Amino acid sequence: MVRITYLGHSAFLLDSGEGSVLIDPFISGNPLAKTSPSDLRPDLILVTHAHDDHLGDAIEIARRSGATILSTFEVGQYALSEGVKAVPAHMGGKVDFRHCSVKLFPAWHSSSIGDRTLGMACSFVLLLGAKTFYHAGDTALFGDMRLIGEEFDVDVAMLPIGGHFTMGIEDAVRAAQLLAPKAVIPMHFNTFDVIRADPRRFEELLKRDTACTCMVMEVGECREI
Ligand code: NI
Ligand code: MN
């Protein structure tokens, strides 16, 4: 059993009872957020890329809680330079922790802080509490998502649907076809005007074109799977 809390935008807290994993904790800068970074005490923080709506409060949360940050080599090095615990890794690599395993995969996107490029963006497969999660980060649709679906029996895929910087609704439905997860949680929409999308429209298309269940979560909502 894993308890999933949607913290808004692309941020999730996943807790198996044995340990917790926070992903892309953009909280204090998110006008829709319902939590405070100081409420969060994860064991591990996954960061898909350095854009401020993903790296977010990761450094501050790691500093206060002692959590380890796992990210790409460059974002991991950046976290170490900020004096927090971090594991710089890269795509294709699988890293085992006490309570979970994480494999890094590509994402078609960039990674930067201001005008400083910090490597490339990634996505994650997370094995936690006998469940398998795929967090796509920010990405366009790409065909190699099929390989992820072949390698893993994904229980829940978190997919961006907001368009403009990432996949929109139609491409996210195609991503779900390639990944073939049991359930999809839409993310990265409606935080800003430029990424407006209707999750109910996504739910309709997902129902029409795939066998996946759509889990549209409200910001702050918790569910157990
Ligand atoms: Ni981004
Ligand atoms: Mn983003």
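Structure shown above.
Residues numbered from 1 in each chain as written. Chains lettered and ligands numbered in written order. Predicted model: local features only at pLDDT ≥ 70, side-chain atom pairs only at ≥ 80, totals over all residues. Heavy atoms only, no water.

(A) Geometry of the pattern of salt bridges. A complete count under the given rule lists ten salt bridges for this structure. The partner of Lys103 in a salt bridge is Glu151, with the nearest N and O atoms 2.8 Å apart. Taken together, the residues span a long stretch of sequence, with Lys103 in strand β8 (residues 100–113) and Glu151 in helix α4 (residues 145–151) at a distance of 48 residues. We note a salt bridge from Lys182 to Asp155, for which the minimum N-O separation is 3.1 Å. Residue Lys182 is found in the loop between α5 (169–179) and β12 (183–187), and its partner Asp155 is found in the loop between α4 and β11 (156–160); the two are separated by 27 residues along the sequence. Overlapping salt bridges bring together Asp153, Asp155 and Lys182 as one network. (Salt bridge = Lys/Arg side-chain N within 4 Å of Asp/Glu carboxyl O. Helix = DSSP H or I, 4+ residues; strand = E, 2+ residues; numbered from the N terminus.)

(B) Layout of the coordination of the nickel ion (ligand 1). Protein coordination at the nickel ion (ligand 1): the donors are His49 (NE2), His51 (ND1), His109 (NE2) and Asp138 (OD), at 2.2 to 2.3 Å from the metal. Considering all four donor atoms around the nickel ion (ligand 1), angles at the metal cover 89 to 178° and the coordination shape is irregular. The metal-metal distance between the nickel ion (ligand 1) and the manganese ion (ligand 2) comes to 3.3 Å, with Asp138 coordinating both. Placement of His109 in strand β8 and of Asp138 in the loop between β10 (131–135) and α4 is noted, with a sequence separation of 29 residues between them. (Donors = N, O, S within 2.8 Å, 3.2 Å for Na, K, Ca; no water. Tetrahedral: all angles 85-135°; square planar, octahedral: opposite > 155°, others 65-115°.)

(C) Structural detail: α5. Residues of α5 that are buried: Ile169, Ala172, Val173, Ala175, Ala176, Leu178 and Leu179. Considering only its buried residues, α5 is in contact with β10, α4, β11, β12 and α6 (199–209). Looking one or two residues past α5, Ala180 carries a phi angle of roughly 45°, positive in sign. (Buried < 20%, exposed > 50% of the residue type's maximum accessible area, 1.4 Å probe, protein only. Contact = heavy atoms within 4.5 Å.)

(D) Focus on the environment of Ala107. As for its placement among the helices and strands, Ala107 is situated in strand β8. Taking the C-alpha atoms as reference points, Ala107 and Glu74, 33 residues apart in sequence, are found 15 Å from one another. Excluding residues within four positions of it along the chain, Ala107 makes contact with Ala121, Cys122, Ser123, Ala136, Asp138, Thr139 and Phe142.

(E) Broad picture of the sheet that holds strand β3 (residues 20–23). In spatial order, the strands read β6-β5-β4-β3-β2-β1-β14; together these seven strands make up an open sheet with mixed pairing. With one partner strand each, in any of the chains shown, β6 (86–89) and β14 (222–224) form the two edges of the open sheet. For this sheet the average axis-to-axis angle between neighbouring strands, irrespective of direction, equals 20°. Note: strand β5 (residues 68–72) against β6, four bridges, orientation parallel. Its bridge partner being in β6, Ser71 is matched across the sheet by Pro88. (Pairing = 2+ DSSP bridges. Axes fitted to C-alpha atoms, helices over the stretch in contact; angles between N-to-C directions.)

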